[in-house]
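# Close look at the chain arrangement
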Amino acid sequence: MEQKRIAAKEWDGRLRRGMVDFFNYWLSGGFSNGVMKDGQEAAALAQVGMDLEAAAKFRQERLGGFLTECSQLILLPGATEDGLERIAYEVSGMRLEHLSLLAPHTTQGNRAEAFVNGPDSLEMMLEEIAGAKRYIHFSVMLFFNDKSGNRVAAALEAALKRGVQVRLMVDATLSALGYDHNLEYGRFSLLKERLEAAGAQVVNTFESCCPKEAWPAKRRELAEKGVPESSLYVHDLAQAQAETGLNIINHRKFIVLDGHTLILGSLNVGDQYLGDTPIIAEGNVIAGGRRMGIPGSPKEWHDGCFRIRGEAAYSANRIFAAQWGVATGDSFDPGDEFYCPSSAIRRYGDEECTLVASFAGNPVNLIQRYHLDLLEHAGDETVIVNPYLIDDEFWKTLQSLEADKAAHISICNPLHINDHPTNLAAVRGHMRLPFEKGVSFYDYSGTERFSHWKVAYDRRADAVFHGSYNLNERSACHDFELGILVRGGTFADAVREMIGYDLGVSRKVEDAGEFFKHPALHPSTYLNKLTSRFA
């Protein structure tokens, strides 16, 4: 019997979005492990009619990492109109609202700006909070009771007094550990009391997952309260991996304000990230429109974020709403006029933004897959800046590259000044072969500072990826993460200037002898293996 199909001219907006989501998920390795069972027939048709490897290569080399429009599907190697119509028929029967929370989400007409170092990032954040009129949705892992933490809390209090709605997700349990041997910094409870007294809703994300045996009853309770099935479905996957609360962390760091502004990056709230000590710089170096330098105090970290105005804020609010509903039972519609006013959906600039989420128990980690594809298909300048290089999949891919691809890649990492005990061992144990093939390595700790910034630059696609994601197995397997791929030549050039400054102040490694020739002879490499599952 002939396979049923839906002619392309009959595809409505929902199906067009669903086809883009389906192919992005399939090309990243989704549908291969029994998850999303209602997508198996469509995946089988795609597997028969198309060359998965060639299509994934095309997506990275020609499109910069993700499909963004339905019109791009016919360009994929092996794609035919007849084949796409057959796949569309199967996709039309899928629960696309589930798929939409797993797949990346692209918006056009955004305006992106990059901020680095504490003083600039803090002042921008306070300015945006002060300007909020409707709501502030704030998700962060750590929120410390120090100077900058109190400044942000005071700004949120002032917003609440103006009648602004504030929802805040914080890992209060991990924040309580403080830092720098100071437990007073960990007293987020004091800030929480102030904010709740002013009317904020505050959630401790350390408690997001419950014991496995308790989840079915809690799931029914949340469903009765109106939490969408798609949000519960995503959390089902996280709960399946919930060994301990400590082993699943909400590591996402973003703020949505009034439906039109998104602040997203690698910054927690605290003086390490948002310290206001003036930066140290030789001369007045401007890159990407910002004054560049290194943190003024050894206790402050080099870090950053993007501010994006436009519909990307709606994409992020969908992610916030899904987590918030599961955590509290208080569900809201991010598409409602209050949360997404029509005035906010307009053209702010020229950047195309693709928001990419990952989470504990995800069937396929799209953020990890993006970084691996970026390396595997490198064909022009590619720079990765990340504080932790401890993911075995990252190293396998980097070590497998031929010299012609390796020569395009530069990596910047704080090798010797690092708060993770095994980063040094992981790098020294894996970097020798890539280095000998031509990968350049820059040690940011040559500045005598730690860099917590996480960004990847792809010159060929005029694209930059930034977010909370570390290149370690925690981010790959255990944590809720969020990042954004921004495409646009002007913005990519600005961020490349910032990265260029970091490379310039870093120590470029020139001697392969800094990396282990025989890792098995060095005990530290075994410690790295033992700690790969926990942070």
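Heads up: the structure comes first, above all this text.
What you are looking at is a predicted structure, and each value in this text was computed from that prediction instead of being measured. (Residues numbered from 1 in each chain as written. Predicted model: local features only at pLDDT ≥ 70, side-chain atom pairs only at ≥ 80, totals over all residues. Heavy atoms only, no water.)

Of the regular secondary structure elements, the protein chain holds 21 helices and 18 strands. Along the longest, intermediate and shortest principal axes, the C-alpha atoms of the protein chain span 70 × 60 × 45 Å. Looking at the 535 residues of the protein chain, the share that counts as buried comes to 61%. Taking contacts inside the protein chain between residues at least 6 apart in sequence as the whole, the part at least 24 apart equals 81%. Entry remark: accessible area of the protein chain is about 20,300 Å², with carbon and sulfur atoms responsible for 51%. A distance of 1 Å separates the average location of the 56 positive side-chain charges in the protein chain from that of its 72 negative side-chain charges. (Helix = DSSP H or I, 4+ residues; strand = E, 2+ residues; numbered from the N terminus. Buried < 20%, exposed > 50% of the residue type's maximum accessible area, 1.4 Å probe, protein only. Contact = heavy atoms within 4.5 Å. Areas by Shrake-Rupley, 256 points an atom, 1.4 Å probe, with all protein chains shown as cover. Lys, Arg positive; Asp, Glu negative; His and termini not counted. Charge placed at Lys NZ, Arg CZ, Asp CG, Glu CD.)

Within the largest apolar cluster, 171 residues are counted, with the highest numbers of intra-cluster contacts made by F22, F23, I136, F143 and L262. In this structure, C210, W215, L232 and V326 belong to the second largest nonpolar core, which totals six residues. (Core = buried A, V, L, I, M, F, W, Y, C linked by side-chain atoms within 4.5 Å.)

Within helix α17 (residues 423–430), six of the eight residues are buried, which leaves the element mostly enclosed by the surrounding structure. For α17, the set of buried residues is N423, A425, A426, V427, G429 and H430.

A positive phi angle is found at D180, which is not glycine, with a value near 55 degrees. Relative to the assigned elements, D180 resides in the loop between α8 (172–175) and α9 (188–197). D180 gets classed as partly exposed once you look at its relative accessible area, which sits at 40%. In this model, H181 sits at a positive phi of 60 degrees, which is unusual for a non-glycine residue. If you trace the backbone, H181 turns up in the loop between α8 and α9. With relative accessibility at 87%, the residue H181 sits in the exposed group.

Let us look at the environment of R307. Among the secondary structure elements, R307 is positioned in strand β10 (residues 304–309). Since its relative accessible area comes to 8%, R307 is described here as buried. Considering only alpha carbons, one finds R307 and R134, 173 residues apart in sequence, at a separation of 18 Å. Leave out the neighbours within four places in its chain, and R307 touches R111, A112, E113, F115, M124, E127, E128, T261 and L262. Polar side-chain contacts of R307 include one of 2.8 Å to the side chain of E128. (Polar contact = N/O pair within 3.5 Å; in protein donor to acceptor, adjacent residues only side chain to side chain.)

What follows deals with the state of the cysteines. Structurally, a disulfide amounts to a covalent bond that connects the sulfur atoms of two cysteines. Here the structure, examined in full by the defined rule, presents zero disulfides. Take C477: it sits in no disulfide, and the sulfur closest to it among the cysteines is that of C209, at 15 Å. For C477, a relative accessible area of 35% corresponds to the partly exposed category. (Disulfide = S-S within 2.5 Å.)

Take the environment of A176 next. Residue placement: A176 occurs in the loop between α8 and α9. Take A176: its relative accessible area is 38%, and that puts it in the partly exposed class. Sequence-wise, A176 and L156 are 20 residues apart; in three dimensions their C-alpha atoms are separated by 20 Å. With near-sequence residues (within four places) excluded, A176 lies in contact with L183 and G186.

Between its terminal C-alpha atoms helix α7 (residues 147–161) stretches 21 Å, which fits the 21 Å expected from 15 residues at 1.5 Å a residue. Every buried residue belonging to α7 is among S148, G149, V152, A153, A155, L156, E157, A159 and L160, and all of these are buried. Residues of α7 that are buried make contact with α6 (118–131), β2 (135–140), β3 (165–170), α9 and α12 (271–274). (Expected span 1.5 Å × (residues − 1).)

Along the polypeptide, V140 turns up in strand β2. A relative accessible area of 1% places V140 in the buried class. Through-space distance from the C-alpha of V140 to that of A172 is 9.9 Å; in sequence the pair is 32 residues apart. Excluding its chain neighbours within four sequence positions, the residues that come into contact with V140 are M169, V170, D171, R252, K253, L267, N268 and V269.

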